Each structure stands twice: as structure tokens, then as C-alpha cells.
Amino acid sequence: MTEHIIRQQGAALQKGAATEDRQEKKTAQAAASAKYREDGVPQQELERFARFLLPKIQAFYQSEEGKRLFEEWKNAEEKTRKCQKS
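Because the structure is predicted, anything quoted here is derived from the model rather than measured.

## A closer look at the pattern of salt bridges
Moving on, step 1. Considering all chains together, one arrives at four salt bridges under this definition.
Moving on, step 2. Glu45 is the salt-bridge partner of Arg48, the closest N and O atoms lying 3.4 Å from each other. In this pair, Arg48 and Glu45 both sit in helix α2 (residues 43–62), three residues apart, roughly one turn of the helix.
Moving on, step 3. By relative accessible area, which is 36% here, Glu45 ends up partly exposed.
Moving on, step 4. The partner of Arg68 in a salt bridge is Glu72, with the nearest N and O atoms 2.8 Å apart.

## Quick notes on the confidence of the model for the protein chain
Moving on, step 1. The predicted model of the protein chain averages 84 in pLDDT, with 90% of residues at 70 or higher.
Moving on, step 2. No element of the protein chain has a lower mean pLDDT than helix α1 (residues 2–34), which averages 73, and none a higher one than α2, which averages 96.

## A few points about α2
Moving on, step 1. Taking 1.5 Å per residue as the helical rise, α2 with its 20 residues ought to reach 28 Å, and the 28 Å between its terminal C-alpha atoms agrees with that figure.
Moving on, step 2. Remark: the principal bend of α2, roughly 30°, maps to Leu53, with a proline, Pro55, within the next four residues.

## Considerations on the packing of aromatic side chains
How two aromatic rings sit relative to each other is set out by the distance from centre to centre and by the angle between their planes.
Moving on, step 1. Using the criterion set out here, one finds four aromatic pairs in the structure.
Moving on, step 2. Aromatic pair Tyr61 and Phe70: ring centres 6.1 Å apart, planes at 85°, arrangement edge-to-face.
Moving on, step 3. A residue is classified by how much of its surface remains accessible, and Phe70, at 34% relative accessible area, is partly exposed.
Moving on, step 4. Ring geometry for Phe70 and Trp73: centres 5.8 Å apart, planes at 20°, overall stacked.

Calculation criteria
- Residues numbered from 1 in each chain as written.
- Predicted model: local features only at pLDDT ≥ 70, side-chain atom pairs only at ≥ 80, totals over all residues.
- Heavy atoms only, no water.
- Salt bridge = Lys/Arg side-chain N within 4 Å of Asp/Glu carboxyl O.
- Helix = DSSP H or I, 4+ residues; strand = E, 2+ residues; numbered from the N terminus.
- Buried < 20%, exposed > 50% of the residue type's maximum accessible area, 1.4 Å probe, protein only.
- pLDDT = per-residue confidence, 0-100.
- Expected span 1.5 Å × (residues − 1).
- Bend = angle between axes of the 7 residues up to and from the residue.
- Phe/Tyr/Trp six-rings, centres within 6.5 Å; stacked < 30°, edge-to-face > 60°.

The structure is reproduced here in C-alpha cells:
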């Protein structure tokens, strides 16, 4: 009798463990899919790329060449707006 009860408890534990495994897998899949944007690019990769690129962009626009090109761009935009208003 005792051996029978032990087997039943073991089977119940195995069934519970399998259910937990399936639930963990579903949770992991949901978390993984939430990390992807609509375009399929992982959010983590985009953030990593931004952390790499931002200091380079900032350095460029703080350089003399970057400042000059930005001024040229602003002047061109101002001319474009004036032409559109006329």
C-alpha cells in the first residue's frame, strides 16, 4: 500500500514538473518575442548600436567640419522654407 502511494505521489510530481516546464517555456517565448520590434530587429541590438553610434555623432557635430556642415544645412533649409512660403 505504501509503495502504491509513493508511486502515485511520484507520478503527480512528474506531471507537475512537466506542467511547470511547459509554462516556463511559454513565458520564455513570450519574453523573447517581446524583445523583437515589428521589423524583427531585437530591441537589445538596436540599443547596443545606438550606444555605439551616439558618441560618434556627437563628436562629429562638435568638430569644426560638423559645425560648418550643420550651418550649411540650416541655411539651405531656411531658403527652402522661404521659397515654399512665396
